[in-house]
Amino acid sequence: FFNWNNTMITTSGAYTQVFVNANNCDSTHTLNVIINNTPTADAGINATICSDTTYLVSGSANNDSSVIWTTSGDGYFNNPGQYFTTYNPGTTDIANGGVTLTFTAFGYYPCGNASDQMILNIDSVTFGNSSVVACDFFNWNNTMITTSGAYTQVLVNANNCDSTHTLNVIIN
């Protein structure tokens, strides 16, 4: 809004007022006003991903001239100046189990900026190794192993992320 001689202007347009000048004559003044609204920013809801994946962020904004995504961690955005872009977690993000992502909408002058944050939780992918010695065969999660060697299975861990396990089998 804009206050012009105690007249509150809330929409863009041309406004005219008539004043009386020092010589007691009418003085007409026209004011062309452009109202820029304060921007809004929404980074979206908090989310959880597995450490071996990326995340598609989807910000929304109103009354903005441009936007940018930033991170508190060491990952990166493919296109940080877009509403929708992919975040690639860094090694510190993964080690910390999460990161704060900030979405900023830049307003038109003189309105300032608006920011919103989301938390991206990052669950670990797990890896394991074990060995077994068996006679004739070994039943590993309903897989019958009859030959010595290294076998790998990808399972789902408690966080619903991949769990890769390598089993070294010796068949006697």
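Structure shown above.
Here goes a summary of the coordinates provided. (Residues numbered from 1 in each chain as written. Predicted model: local features only at pLDDT ≥ 70, side-chain atom pairs only at ≥ 80, totals over all residues. Heavy atoms only, no water.)

Here we take up the layout of surface pockets. Estimates place the volume of the largest pocket at around 150 Å³. If you go around the largest pocket, the residues you meet are Phe-1, Phe-2, Thr-10, Val-33, Ile-34, Ile-35, Asn-36, Asn-37, Pro-110 and Cys-111. The residue makeup of the lining of the largest pocket, split by class, is 7 nonpolar, 3 polar and no charged. (1 Å grid on protein atoms, 1.4 Å probe; cavity = no way out; pocket = protein on both sides within 12 Å on 5 of 7 lines; lining within 4 Å. Points joined across faces, edges and corners; volume = space filled by probe spheres on them. Nonpolar A, V, L, I, M, F, W, Y, C, P; charged D, E, K, R; others polar.)

Considering all chains together, one arrives at 1 disulfide under this definition. Each sulfur in the disulfide pair Cys-50 and Cys-161 lies 2.1 Å from the other. The S-S bond linking Cys-50 to Cys-161 shows a torsion near -95°; that makes this disulfide left-handed. In this pair, Cys-50 is assigned in strand β6 (residues 47-50) and Cys-161 in the loop between β17 (149-156) and β18 (162-171), connecting sequence segments 111 residues apart. (Disulfide = S-S within 2.5 Å. Helix = DSSP H or I, 4+ residues; strand = E, 2+ residues; numbered from the N terminus.)

Attention now goes to the nonpolar core. Ranked by internal contacts, the top residues of the largest apolar core, which has 18 residues, are Val-57, Trp-69, Tyr-87, Leu-101, Phe-103, Met-118 and Leu-120. For this core, the secondary-structure elements that each account for two or more residues are β6, β9 (64-71), β12 (98-107) and β13 (113-123). With residues up to four places along the chain from it excluded, the contact list for Leu-101 reads Val-57, Trp-69, Thr-70, Thr-71, Phe-77, Tyr-87, Asp-116, Gln-117, Met-118 and Leu-120. Grouped together as the second largest cluster of nonpolar side chains are 7 residues, Val-132, Ala-134, Leu-167 and Val-169 included. (Core = buried A, V, L, I, M, F, W, Y, C linked by side-chain atoms within 4.5 Å. Buried < 20%, exposed > 50% of the residue type's maximum accessible area, 1.4 Å probe, protein only. Contact = heavy atoms within 4.5 Å.)

Taken in spatial order, the 4 strands line up as β6-β13-β12-β9 in an open sheet, and their pairing is mixed. Looking at the sheet topology across the chains shown, the edges are occupied by β6 and β9. Ignoring strand direction, the axes of neighbouring strands in this sheet form an average angle of 25°. (Pairing = 2+ DSSP bridges. Axes fitted to C-alpha atoms, helices over the stretch in contact; angles between N-to-C directions.)

In this description, an aromatic ring pair is defined by two values, namely the gap between the centres and the angle between the planes. If you walk through the whole model with that rule in mind, you get 4 aromatic pairs. Ring geometry for Trp-69 against Phe-103: centres 4.7 Å apart, planes inclined by 40°, an arrangement best described as tilted. Placement of Trp-69 in strand β9 and of Phe-103 in strand β12 is noted, with a sequence separation of 34 residues between them. Take Trp-69 and Phe-103: they sit in the same class, and that class is buried. When the centroid spacing of 6.2 Å and the interplanar angle of 50° are considered together, the rings of Tyr-83 and Phe-103 count as tilted. Of this pair, Tyr-83 sits in the loop between β10 (76-77) and β11 (84-88) while Phe-103 sits in strand β12, placing them 20 residues apart in sequence. Tyr-83 sits in the partly exposed class, given a relative accessible area of 31%. Owing to a relative accessible area of 0%, Phe-103 belongs among the buried residues under this scheme. Pairwise contacts between aromatic rings join Trp-69, Phe-77, Tyr-83, Tyr-87 and Phe-103 into one cluster. (Phe/Tyr/Trp six-rings, centres within 6.5 Å; stacked < 30°, edge-to-face > 60°.)

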